[in-house]
Amino acid sequence: LGSATRPFVAVKLAVSMDGMIADSQGSSRWISGPAAGEWVHWLRAGFGAVGSGAHSVMHDNARLTVRGACQPRVAPRRVVFDRQGTLAASHGILDWGGGAPTIVVTGPDTDVGTVDGWRGNGAEVIEAATLDAALNQLRQWCDSILVEGGGRLAGSLWREQLVDRVYQVQAPIWLGAGVPAWAGVDAQPLDATPRWRVCSTRAFDDSAGVLLELEP
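Fair warning: this is a prediction, and the values are worked out from it, not measured in the lab.

Moving on, we come to the overall build of the protein chain. Helix and strand counts for the protein chain come out as five helices and eleven strands. A compact globule built from 216 residues should have a C-alpha radius of gyration of about 17 Å, and the protein chain, at 17 Å, falls within 12% of that. On the principal axes, the C-alpha backbone points of the protein chain span a range of 45 × 40 × 35 Å. The buried share of the protein chain, taken over its 216 residues, is 46%. Taking the contacts inside the protein chain whose residues are at least 6 apart along the sequence as the reference set, 71% of them involve residues at least 24 apart.

Right, dumping it as structure tokens:
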């Protein structure tokens, strides 16, 4: 899976029983429990990059780094998908502290001043009209990426058939309303929708939930 021109793409989401990745106030910490959180850092360590949508990065002040006992030999690149150019040039995720610079993926119409601000704070910038084109450019920096949020980005990757693996932590909670996982996925008749293969499952503990690992 993946290809010679784009990285292998995995999507990781923690999801409530009614399909939400955040509550009605936008809070997603923590849908899953500590055991699942420790596992996520182990998972990140095996990828060349860790990515997220700009909204999730800004709302959660995400660092997209590997922390804890498992430390990779080479730290994964951090990738922010920001088609509209909403990430402030002063955001802490651009402070790469002598390691690998953060990569910002944006659309071709993003304001030049915004792009210059990102670059001025050490970021690499990919400007592309489509996710496929952006991933093709990203291939020069990494051969795999773990995308952790949000729902719109996950849905867009799925619609464009750019997802090679899914890690979904099903948490034992119901939210009633909130931010949906896999937002924007087109309606599919039951007898025509692709059925993915369950590669493995794992129960964390009573509060964290169950991991489903899926491939097309």
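So that's the structure; there's more coming.
On inspection of all chains with the given rule, the structure shows seven salt bridges. Note that lysine 12 and glutamate 148 form a salt bridge whose closest N and O atoms lie 3.9 Å from each other. Linking lysine 12 in strand β1 (residues 8-15) with glutamate 148 in the loop between β7 (144-147) and α5 (151-159), this pair joins segments that are 136 residues apart in sequence. With respect to burial, lysine 12 and glutamate 148 carry one shared label: buried. Note that glutamate 148 is salt-bridged to arginine 44, the shortest N-O span being 2.7 Å. With glutamate 148 in the loop between β7 and α5 and arginine 44 in helix α1 (residues 34-44), the pair connects residues that are 104 residues apart, well separated along the chain. Given the relative accessible area of 16%, glutamate 148 is considered buried. In this structure arginine 44 comes out as buried when scored by relative accessible area, which is 8%. Connected through salt bridges with shared partners, the residues Arg165, Arg197, Glu213 and Glu215 form a single ionic network.

The subject of this paragraph is the packing of aromatic side chains. Applying the stated rule across the entire model yields two aromatic pairs. Judged by centre distance (5.7 Å) and plane angle (55°), the ring pair of tryptophan 39 and phenylalanine 204 falls under tilted. Of the two residues, tryptophan 39 sits in helix α1 while phenylalanine 204 sits in the loop between β10 (197-203) and β11 (210-215), which places them 165 residues apart along the sequence. As far as burial versus exposure is concerned, tryptophan 39 and phenylalanine 204 are alike and both buried. Connected via pairs of aromatic rings, a cluster forms that spans Trp39, Tyr167 and Phe204.

Right, let's talk about helix α4 (residues 131-138) for a bit. Leu131, Ala134, Leu135 and Leu138 are the residues of α4 that are buried. What you see down the axis of α4 is that its buried residues fit within an arc of 100°, all on one side. Where α4 is buried, its residues meet β1, β4 (77-81), β5 (103-106), β6 (124-127), β7 and α5.

On to the pairing of β5, then. Burial along β5 is two-sided: the face carrying Ile103 and Val105 and the face carrying Val104 and Thr106 are both buried. Here β4 pairs with β5 via three bridges, running parallel. What sits directly across from valine 79, in β5, is isoleucine 103. Where β5 meets β6, four bridges bridge the pair, whose relative direction is parallel.

The residue after glycine 149, namely glycine 150, is reached through a cis peptide bond having omega 0°. Within the secondary structure, glycine 150 is located in the loop between β7 and α5. Even without glycine at this site, glutamine 161 takes up a positive phi of about 55°. Tracing the backbone through its elements, the reader meets glutamine 161 in the loop between α5 and β8 (165-170). Judged by relative accessible area, glutamine 161 falls into the exposed class, the value being 69%. Its identity is not glycine, yet tryptophan 182 carries a phi of approximately 55°, on the positive side. Looking at the secondary structure, you find tryptophan 182 in the loop between β9 (179-180) and β10. Judged by its relative accessible area of 17%, tryptophan 182 is buried.

Rules used throughout
- Residues numbered from 1 in each chain as written.
- Predicted model: local features only at pLDDT ≥ 70, side-chain atom pairs only at ≥ 80, totals over all residues.
- Heavy atoms only, no water.
- Helix = DSSP H or I, 4+ residues; strand = E, 2+ residues; numbered from the N terminus.
- Rg over C-alpha atoms; globule rule 2.2 N^0.38 Å.
- Buried < 20%, exposed > 50% of the residue type's maximum accessible area, 1.4 Å probe, protein only.
- Contact = heavy atoms within 4.5 Å.
- Salt bridge = Lys/Arg side-chain N within 4 Å of Asp/Glu carboxyl O.
- Phe/Tyr/Trp six-rings, centres within 6.5 Å; stacked < 30°, edge-to-face > 60°.
- Arc of directions from axis to C-beta.
- Pairing = 2+ DSSP bridges.

Honestly, that's just the spatial picture; any functional story needs more than this.
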